[in-house]
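Each chain, written out:
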Amino acid sequence: MTTTLISGGTVVGATGRAHADVVVDGETIVAVLQPGSALLGTDVAASVDRVIDATGKYVIPGGIDAHTHMELPFGGTEASDTFESGTRAAAHGGTTSIIDFAVQTYGQRIEDGLAAWHERADGNCAIDYGFHQIVGDVNEASLEAMKRLPDEGITSFKMFMAYPGVFYSDDAQILKAMQVSRDTGMLTMMHAENGPAIDVLAQQLVEQGKTDPYYHGVARAWEMEEEATHRAIMLAKLTGAPLYVVHVSAKQAVEQLAWARDKGQNVYGETCPQYLYLSLEDQLGAKSDEWGAFEGAKWVCSPPLRSRAEGHQESIWQALRTNDLQMVSTDHCPFCMKDQKELGLGDFRKIPNGIGSIEHRMDLMYQGVVTGEITLERWVELTSTTPARMFGLYGKKGVIQPGADADIVVYDPEGHTSIGYEKTHHMNIDHSAWEGYEIDGHVDTVMSRGKVVVENDTYLGAKGDGRYLRRGLSQYLI
Ligand code: DUC
Ligand code: ZN
Ligand code: ZN
């Protein structure tokens, strides 16, 4: 087994930072030491197989992206990153674990949906991976199957108040599933947008000839997110289920979460980098020679980008500081412009929804440290420690301490990252929603369970390095 010393860096955790050396034995962190100190009387640097010099750099627990959709079937196509390409890109960006969504489609048994997801991921991942379960068809059999998910290491499930005819659940179905959540301790994850109302607005816009991608955001008004978030909160209150609202994009949805949390309810929320940095105005202004106004399709995701003039981005940054929102995930769900997004030429409703960000989450959130939006410790908390606690991985993941998996990122605050077009990223997309973003920092070295998988921007790992994570119940509930 290889032993490694990461020396001279600043170890940063959710609660503080310190100059410290980290000793790794095989797959595990075995010691965090005062710089230069001896371990059991031995000179550590002389006795390990390898020393990584982290002088002037941050040493942080590997990122955990708790919301990804590799290979998701959507809108007549499939998300363009496979478990292989998506997890490799994640590693490049300093993310060492993902939690992807196993899909139960309408008419399918949960067991079969889950088995298919294991088959897709098994032996293909570059980093460790777990699953949430999408419940796309609540019926008596699914409700029984859901109760067995914790035995499979799946302790959270996602429901959709959006996408009628695809993943949508009505209030009665949600109520029944939340009762299972209450009884098992599993976390209910909610896509909170009022899908039936949105579909009416979208149809009316198309009938008026408003078919460009921009109108996707007009149809998915923030009122529909606020309303659904409130409804989810009330159903959770009624049933006693713990609730986690995914991809929060609207200021008014944050207010709903804060309101419920102030009353002591077990309610949590995540946001994504696109809701912090990108806006509906950006999407409206996007035009290119190749695509014209259809260029805006690159940023079609749900919930949609929100208006900067309305102050959503500002309010979401604030909520990350005040813990009204607890985490940042990506909702990584990439689709190429060619053959995929272009399915919606002439009708924005047919554009597959999703943005690819898995490679850039750690960098984009570090930029929030540079600009003073969040502290260094909060960066680690939002991107690694809380995801681990929220989804039952803490202790092994999300922290640098003896006994934890050696998932470690050496991050260089003096480095620079230019986010560019497909040729510079590793995600399987023919464009970047983040093209032109400049980050004052750089992922230097990435270790996944003791193995250096990225160094000098070079991938050193192998397909199948990543293992399935059997998760415990949430360690974050009040
Ligand atoms: N939102 C997206 O943008 N893509 C996939 C699913 C979702 O809820
Ligand atoms: Zn969603
Ligand atoms: Zn999603």
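Our subject is the structure listed above.
One structure accompanies this document, and this report is about it. Note that this is a predicted model, so its numbers are computed, not measured. (Residues numbered from 1 in each chain as written. Chains lettered and ligands numbered in written order. Predicted model: local features only at pLDDT ≥ 70, side-chain atom pairs only at ≥ 80, totals over all residues. Heavy atoms only, no water.)

## So, the overall build of the chain
(1) Moving on: A count of helical and extended segments in the chain gives 14 helices and 23 strands.
(2) Moving on: Relative to a compact globule of 478 residues, whose C-alpha radius of gyration would be 23 Å, the chain shows 22 Å and is just as compact.
(3) Moving on: Each of the 478 residues in the chain was classed as buried or not, and the buried ones make up 61%.
(4) Moving on: Residue pairs at least 24 apart in sequence account for 77% of intrachain contacts in the chain once pairs closer than 6 positions are excluded.
(5) Moving on: Carbon and sulfur atoms make up 49% of the accessible area of the chain, which totals about 17000 Å². (Helix = DSSP H or I, 4+ residues; strand = E, 2+ residues; numbered from the N terminus. Rg over C-alpha atoms; globule rule 2.2 N^0.38 Å. Buried < 20%, exposed > 50% of the residue type's maximum accessible area, 1.4 Å probe, protein only. Contact = heavy atoms within 4.5 Å. Areas by Shrake-Rupley, 256 points an atom, 1.4 Å probe, with all protein chains shown as cover.)

## A look at the sheet that holds strand β13 (residues 156-160)
(1) Moving on: Strands sit in the order β8-β11-β12-β13-β14-β15-β16-β17 across an open sheet of eight strands; the sheet is parallel. Two strands bound the open sheet, and with one partner strand each, they are β8 (63-68) and β17 (327-328).
(2) Moving on: Two elements, strand β12 (residues 128-135) and β13, share two bridges in a ladder whose sense is parallel. Within β13, the residue paired with Gln133 across the bridge is Phe157. (Pairing = 2+ DSSP bridges.)

## Topic: the environment of Gly354
(1) Moving on: Inspection of the secondary structure assignment puts Gly354 in the loop between β17 and α13 (361-370).
(2) Moving on: Classification of Gly354 by relative accessible area gives buried; the value is 6%.
(3) Moving on: On a C-alpha basis, the gap between Gly354 and Ser474 in space is 27 Å, while along the polypeptide they are 120 residues apart.
(4) Moving on: Among residues more than four places away in sequence, those in contact with Gly354 are Lys298, Val300, Cys301, Cys333, Phe335 and Lys341.

## Notes on the packing of helix α5 (residues 171-184) against helix α8 (residues 222-239)
(1) Moving on: Closest axis-to-axis distance for the α5/α8 pair is 9 Å, and the angle between their directions is 45 degrees. Put simply, α5 runs oblique to α8. Considering only the axes of α5 and α8, their crossing is right-handed. Contacts between α5 and α8 involve Asp171, Ile174, Leu175, Met178, Gln179 and Arg182 from the former and Arg231, Ala232, Leu235, Ala236, Leu238 and Thr239 from the latter.
(2) Moving on: Counted by class, the contact of α5 with α8 contains seven nonpolar, two polar and three charged residues. (Axes fitted to C-alpha atoms, helices over the stretch in contact; angles between N-to-C directions. Parallel < 35°, antiparallel > 145°, perpendicular 65-115°, else oblique. Left-handed = near helix turned anticlockwise from the far one by under 90°. Nonpolar A, V, L, I, M, F, W, Y, C, P; charged D, E, K, R; others polar.)

## Structural notes on the packing of helix α9 (residues 251-262) against helix α12 (residues 312-322)
The relative placement of two packed helices comes down to the angle between their axes together with the axis-to-axis distance.
(1) Moving on: Running from N to C, α9 and α12 cross one another at 30 degrees; their axes reach a closest spacing of 8 Å. One finds that α9 runs roughly parallel with respect to α12. Facing α9, whose interface residues are Lys251, Gln252 and Val254, α12 presents His312, Ser315, Ile316 and Ala319.

## Brief notes about the coordination of the zinc ion (ligand 3)
(1) Moving on: Within the protein, the atoms that donate to the zinc ion (ligand 3) are His67 (NE2), His69 (NE2) and Asp331 (OD), at distances of 2.0 to 2.3 Å.
(2) Moving on: The motif formed by the donor residues of the zinc ion (ligand 3), counted along the single chain, is H-x1-H-x261-D.
(3) Moving on: Metal-to-metal, the separation of the zinc ion (ligand 3) and the zinc ion (ligand 2) is 3.5 Å. One end of the pair, His69, is in the loop between β8 and β9 (73-74); the other, Asp331, is in the loop between β17 and α13, and 262 residues separate them in sequence. (Donors = N, O, S within 2.8 Å, 3.2 Å for Na, K, Ca; no water.)

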